[in-house]
Structures are given as C-alpha cells and as structure tokens.
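Topology and contacts: notes
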Amino acid sequence: MPFILETIVATKNADGSFHVRPYGLHQDGEDWIFLPFRPSPAIENVERHPYLTVSAPSDVRVIAGLLTGRDVVETVPADVIDGVRLKDTTGHLELEAISFVDHELRPRFRCRVLHQAAHRPFVGYNRAQAAVLEAAILSTRLGMLPQEKVETEIEYLRIAVEKCAGAQEQEAWDWIVEKIEAHYRR
Ligand SMILES: Cc1cc2nc3c(=O)[nH]c(=O)nc-3n(C[C@H](O)[C@H](O)[C@H](O)COP(=O)(O)O)c2cc1C
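Here the residue index of a chain counts from 1 through its sequence in written order. Local features in a predicted model are, by the rule used here, given only for residues with pLDDT of at least 70; side-chain atom pairs are given and counted only at 80 or more, and totals for whole chains, interfaces and linings are based on all residues. The basis for every side-chain value is the complete set of heavy atoms in the structure, and neither hydrogens nor water enter the calculation.

**As for the pairing of strand β3 (residues 31–34)**
- Partly exposed residues are those whose accessible area sits between 20% and 50% of the maximum for their type, while under 20% is buried and over 50% is exposed, using a 1.4 Å probe and protein chains only. A run of H or I in DSSP counts as a helix once it spans at least four residues, and a run of E counts as a strand once it spans at least two, with each numbered from the N terminus. Here β3 shows a buried face lined by Asp31 and Ile33 and a second buried face lined by Trp32 and Phe34.
- Here, any two strands with at least 2 DSSP bridges between them count as paired. Two elements, strand β2 (residues 18–28) and β3, share 4 bridges in a ladder whose sense is antiparallel. Within β3, the position partnered with His26 by the bridge is Ile33.
- Sheet topology places β3 next to strand β8 (residues 108–118); 3 bridges connect them, and they run antiparallel. When the sheet's bridge partners are listed, Ile33 is paired in β8 with Arg110.

This is the structure:
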C-alpha cells in the first residue's frame, strides 16, 4: 500500500480561476501520484496546465467547507509555478505533472516536486482534526457505502471530537454531520 497524503489540491481552470478540493496523493519515490475520479474539472485542468499545488490546511474547516459548499478558501500565489496555494497552511508543495495514464474511472498523473516550503511549525497531532478528516472522506462516499457502516463510523469518530475538538474542529464536524444527515433524509 502506498503512503497517501490527504491534502488540498489547487489546479488552474480555463478561465484563470482555480479549482481547489481535497484529494489524496499517493507517494511513489520522490514523486506524487494525483488520482482524481472522473468526472472532475481537475483532470482537464491538469491536462491543459500541468502545474498544481498541494497545501495542508491549518484549519480543518477548509476541508469541511469545500465539501459542503462554503466559501472558506483564501489563497495566495504560488512561489515558482503559475498556481495558488492555501494562505493558511503549515506547508505546501508545488508540482508539475510529468506523465498521464488515462483510465475510465481514475486517471493518474505522476507529479514531480518543483518547490516546497514550510510556513508554520508542526507541533503535534489532534484527534478531532483526524476525526473530521475521516468523516469528510466518508461524506464523499455516501453513495458507495452502506448507511449502517457510515453511521457506526461517525459514532466512533464523534468520541474524539467530543474529547479533543477546539471551536474550529467542532464547527467543521457539524458541517460534515449535517451533510451526511441531509443525504439520508433525502
Ligand atoms: C481527505 C480527502 C481525500 C480525498 N481524495 C480524493 C481523491 O484522491 N480523488 C478524488 O477524486 N476525490 C477525493 N476526495 C473527494 C473529493 O474531495 C470530492 O469528491 C470533491 O467533491 C471532488 O471534486 P471534483 O469532483 O471537482 O474533483 C477526497 C476527499 C477528502 C475529504
């Protein structure tokens, strides 16, 4: 199994704006493999403009907000590529996609690191942030997973949120839970 980095990827849209979403990048030696599921604007974006950034958000509301239609992203220009990164990030990478393997479901872009920078010291893990991340991933797979599994996992993850969340983590959690509950009410 590869090491997978759960992060925020920014790719350039045809109109010059940026598409910013959470994705998992798979490590392969010094390279990173970007695997967006079809359909995704990120695929056409990287085919047209093969430069992307990955940023780790300091605030998990960025992850939850992007998946629940909230305007939570502040970006700044990247350092060496034509791209943007999250403004509030512990660190970021700037990547060039150097090869593309097409696939009907999940094409693969192999990406090389052109530049990396750290912006804040990383001083420890937080269980509520990890729980929000897990719940966020679950919330993107509701059509694929049995409802009972999702609900059981949410109840388990809730323990870490109740014990360890700050205000940001609690708000992000609430957004994700609201999304999941709305899905099952439909
Ligand atoms: C932590 C995390 C990792 C994710 N990794 C991927 C991924 O590798 N590929 C993917 O297509 N979607 C991934 N998703 C789901 C996408 O973020 C979500 O489906 C998003 O709406 C995709 O936007 P798009 O359809 O514009 O590509 C991930 C979500 C989270 C929260």
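**Some words on the packing of aromatic side chains**
- Pairing of aromatic rings covers Phe, Tyr and Trp, the last through its six-membered ring, and needs centres within 6.5 Å; plane angles under 30 degrees mean stacked, over 60 mean edge-to-face, and all others mean tilted. This structure, assessed with the given rule, holds 5 aromatic pairs.
- Between the aromatic rings of Phe122 and Tyr125, the centroid separation amounts to 5.3 Å while the plane-to-plane angle is 75°, which identifies the pairing as edge-to-face. The same class applies to Phe122 and to Tyr125, which are both exposed.
- Within the aromatic cluster, the residues linked to one another by ring pairs are Tyr23, Phe34, Phe100 and Phe109.

**What about the sheet that holds β8?**
- Strand order around the closed barrel formed by 6 strands is β1-β2-β3-β8-β7-β4, with antiparallel pairing between neighbours. Within the sheet, the average angular offset between the axes of one strand and its neighbour, ignoring direction, is 45°.
- Across the sheet, helix α1 (residues 41–48) is in contact with β1 (4–12), β2, β3, β4 (51–57), β7 (89–101) and β8; its angle to β1 comes to roughly 65°. Note on geometry: axes are lines fitted to C-alpha atoms, helical ones only across the stretch in contact, with angles between N-to-C directions running from 0 to 180 degrees. We call two residues contacting when some pair of their heavy atoms lies within 4.5 Å.

**Overview of the nonpolar core**
- In this description, a nonpolar core means a group of buried Ala, Val, Leu, Ile, Met, Phe, Trp, Tyr and Cys residues linked to one another through side-chain atoms lying within 4.5 Å. Counting residues in each nonpolar core, the largest one holds 27 residues, and the members touching the most others are Ile8, Ile154 and Trp173.
- Those elements that place two or more of their residues in this core are β1, α2 (61–67), β6 (84–86), α3 (127–139), α4 (147–164) and α5 (167–185).
- Per-element accounting of this core gives the leading share, 6 residues, to α5.
- Domain start and end points were adopted from an automatic or database domain assignment. Mapping this core onto the domain boundaries places at least three of its residues in each of domain 1 (4–118) and domain 2 (127–185).
- Contact partners of Trp173, with chain neighbours within four places excluded, come to Ala131, Val132, Ala135, Ile154, Leu157, Arg158 and Val161.
- By size, the runner-up hydrophobic cluster in this structure holds 15 residues, among which are Tyr23, Val46, Val54 and Leu93.

**Considerations on the domain arrangement of the chain**
- Entries for the chain in the domain assignment read domain 1 (4–118) and domain 2 (127–185).
- Each of domain 1 and domain 2 has a C-alpha centre, and the two are 23 Å apart.
- Summed over both partners, buried area is the accessible surface (1.4 Å probe) that two parts give up on being assembled. Regarding the contact of domain 1 and domain 2, the summed buried area is about 1200 Å², with carbon and sulfur atoms giving 73% of it.
- Contact with domain 2 buries area across many residues of domain 1, yet Val60, Arg61 and Leu67 alone supply 44% of it, more than any other trio.
- For this analysis, a salt bridge means a side-chain nitrogen from Lys or Arg found within 4 Å of a carboxyl oxygen belonging to Asp or Glu. Where domain 1 packs against domain 2, one counts 2 salt bridges.
- We call two N or O atoms a polar contact when they sit within 3.5 Å, provided that within protein one can donate a hydrogen and the other can accept it, with sequence-adjacent residues counted only if both atoms are side-chain atoms. Across the domain 1-domain 2 interface, the total number found is 2 residue pairs in polar contact (both at pLDDT 80 or more).
- Broken down by element, the residue count for the side of domain 1 that touches domain 2 peaks at 5 residues, all from α2.
- Each residue is assigned to one class: nonpolar for Ala, Val, Leu, Ile, Met, Phe, Trp, Tyr, Cys and Pro, charged for Asp, Glu, Lys and Arg, and polar for all the others, Gly among them. Its residues assigned to classes, the side of domain 1 that touches domain 2 shows 5 nonpolar, 3 polar and 4 charged.

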